[in-house]
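Chain and residue survey
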Amino acid sequence: GYRYRSVCACACVTGGGMGDWCLIESDPGVFTELIEKLGVTGVQVEELYSVDVDSLRQLAPVYGLVFLFKWQGDDGGSKAIDHEVPNLFFAKQVIQNACATQAILNILMNASDVDVGPTLSEFKAFTGDLDPEMKGLAMSNSDTIRLVHNSFSRQETFTLERDKDEESEDAFHFVAYVPYGGRLYELDGIRPGPIDHGPTGDDWLAAVGPIVNARIQRYSDGEIRFNLMGLVRDRRAVLSDRIAELQAQLAQAPDNEAVRMEMETANMQLAQESEKRQAHERENMRRRHNYIPFFLEALRALADKGKLEGLVDEAKRRGQQRVEEYRAKRMASKGKQ
């Protein structure tokens, strides 16, 4: 499975740009709220742990995949095509830190059966005749898109200067995989154009798995920093529709136990999805909140009451105790070998 969350995605991949775009965490709850704030309805972002076709089909319809990986420059993979695909929306990335939002928008703009809302509909119409570079510039200059993106910035009281070691730290990047016109395309904003991975056949979900796995195989065995997410139809709507179908079936055959059991399962899944959405909302509120003033005030209150020094000493003692316990366990483990 794939599970890696990063808030330093693509920070070093591109040059500068227009306005400030913050780093945001690679998290399905963040991206679901982001697209809803842009006016998109009926879509959620789901974290994926496998590209097994059966697992993906359970989430159908899947509009596209977003893949986060450690950026290695030109990794020798597939090359971008040098011509435009008619009506395929592709925007180049011309701004730092925007590749996650850009990958998501590249999927939404190519999903014909998704209601993207007035903001993105107007943006798509406005940029329809522009080339990928100009589409990227238009996206970077969109106050609405930038403000929604930046609404997920972490509140920080202190700003630290980056040293030379930090400048060379790993950079991470997002790309999108979308089906379009019977073919599978990889939309990478730092490439000159889309990457054509060939025909999808009857089921694009069966075609995308080997492509993602092949990309992962180009990394060393020890590299596990990947994150894969899918843009899918709102699971609450999918389950609600299925429950309505099952209710209609039960009205025709009240004694059908199999249908009754499936409906109970669907109702339970719907409740779980609603709880998950509420949990995402709480987490996003916490991400935006700046807790540092609270901690500083708590420390000041403890110091005023003369309790801070004792608590610091106790914390040091417990920390040292944990270190010694860890060392003892390691020594015992070596003795058994």
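Residues numbered from 1 in each chain as written. Predicted model: local features only at pLDDT ≥ 70, side-chain atom pairs only at ≥ 80, totals over all residues. Heavy atoms only, no water.

**Focus on the overall build of the protein chain**
Regarding its fold elements, the protein chain presents 12 helices and 6 strands. Among the 337 residues that make up the protein chain, the fraction classed as buried is 40%. Here the contacts in the protein chain between residues at least 6 apart in sequence split such that 76% fall between residues at least 24 apart. When the accessible area of the protein chain is evaluated, it comes to approximately 18,700 Å², of which 51% is carbon and sulfur surface. (Helix = DSSP H or I, 4+ residues; strand = E, 2+ residues; numbered from the N terminus. Buried < 20%, exposed > 50% of the residue type's maximum accessible area, 1.4 Å probe, protein only. Contact = heavy atoms within 4.5 Å. Areas by Shrake-Rupley, 256 points an atom, 1.4 Å probe, with all protein chains shown as cover.)

**So, helix 9 (residues 235-252)**
Between its first and last C-alpha atoms helix 9 spans 26 Å; for 18 residues at 1.5 Å apiece the expected length is 26 Å, and the two agree. Here helix 9 has its buried residues at Arg235, Val238, Leu239, Ile243, Leu246 and Leu250. The buried residues of helix 9 all sit within an arc of 130 degrees when viewed along its axis, so they share a single face. For helix 9, the exposed residues lying more than 90 degrees away from the buried face are Ala251 and Gln252. Elements that come into contact with the buried residues of helix 9 comprise strand 1 (43-48), strand 6 (227-233) and helix 10 (257-288). Regarding helix 9, its N-cap is Asp234, as a side-chain oxygen of that residue lies 2.9 Å from the backbone nitrogen of Arg236 further along. (Expected span 1.5 Å × (residues − 1). Arc of directions from axis to C-beta. Polar contact = N/O pair within 3.5 Å; in protein donor to acceptor, adjacent residues only side chain to side chain.)

**What to know about the confidence of the model for the protein chain**
Model confidence for the protein chain is summarised by a mean pLDDT of 84, while 83% of its residues fall at 70 or above. The least confident element of the protein chain, judged by mean pLDDT, is helix 7 (residues 164-167) at 49; the most confident is helix 9 at 96. Predicted confidence for residues 1-17 stays below pLDDT 50, and this span has 69 contacts to residues more than four positions away or in other chains. (pLDDT = per-residue confidence, 0-100.)

**Overview of the packing of helix 9 against helix 10**
Viewed as axis vectors pointing N to C, helix 9 and helix 10 meet at an angle of 160 degrees, and their least axial separation amounts to 9 Å. Here helix 9 is positioned roughly antiparallel relative to helix 10, judged by the angle of their axes. For the pair helix 9 and helix 10, the crossing hand works out as left-handed. Taking contact as the criterion, the partners of Arg235, Arg236, Leu239, Ser240, Arg242, Ile243, Leu246, Gln247, Gln249 and Leu250 in helix 9 are, on helix 10, Val259, Arg260, Glu262, Met263, Ala266, Asn267, Gln269, Leu270, Glu273, Ser274 and Arg277. (Axes fitted to C-alpha atoms, helices over the stretch in contact; angles between N-to-C directions. Parallel < 35°, antiparallel > 145°, perpendicular 65-115°, else oblique. Left-handed = near helix turned anticlockwise from the far one by under 90°.)

**Some points on the packing of helix 1 (residues 28-37) against helix 3 (residues 99-108)**
Contact pair helix 1 / helix 3: the axes reach a minimum separation of 11 Å and the direction vectors enclose 60 degrees. The angle between helix 1 and helix 3 places the two elements in the oblique class. For the element pair helix 1 and helix 3, the recorded crossing hand is right-handed. Within the contact between the two elements, helix 1 uses Phe31, Leu34 and Ile35 and helix 3 uses Ala100, Thr101, Ile104 and Leu108. Classifying every residue of the contact of helix 1 with helix 3 gives 6 nonpolar, 1 polar and no charged. (Nonpolar A, V, L, I, M, F, W, Y, C, P; charged D, E, K, R; others polar.)

**Comments concerning the environment of Gly64**
Topologically, Gly64 is positioned in strand 2 (residues 62-70). A residue is classified by how much of its surface remains accessible, and Gly64, at 0% relative accessible area, is buried. Dropping the residues within four chain positions of it, Gly64 is found in contact with Ile107, Tyr177, Val178, Trp204, Met229, Gly230 and Leu231.

**Structural notes on helix 11 (residues 292-304)**
In this model helix 11 runs 18 Å from its N-terminal to its C-terminal C-alpha over 13 residues, within 8% of the 18 Å that 1.5 Å per residue would give. Gly306 lies just past helix 11 and shows a positive phi near 75 degrees.

**What to know about the sheet that holds strand 5 (residues 195-199)**
Taken together, 6 strands build an open sheet; the order of strands is 1-6-2-3-4-5 and the sheet is antiparallel. The open sheet is flanked by strand 1 and strand 5, the only strands paired with a single partner. Geometrically, the sheet is characterised by an average inter-axis angle of 20 degrees between neighbouring strands, direction not taken into account. With 5 bridges joining them, strand 3 (residues 172-180) and strand 4 (residues 183-187) adopt antiparallel strand pairing. Bridge assignment links Ala176 to a residue of strand 4, and that residue is Leu187. The strands touched by helix 9 are strand 1 and strand 6; relative to strand 6, the strand with the most contacts, the crossing angle is about 45 degrees. (Pairing = 2+ DSSP bridges.)

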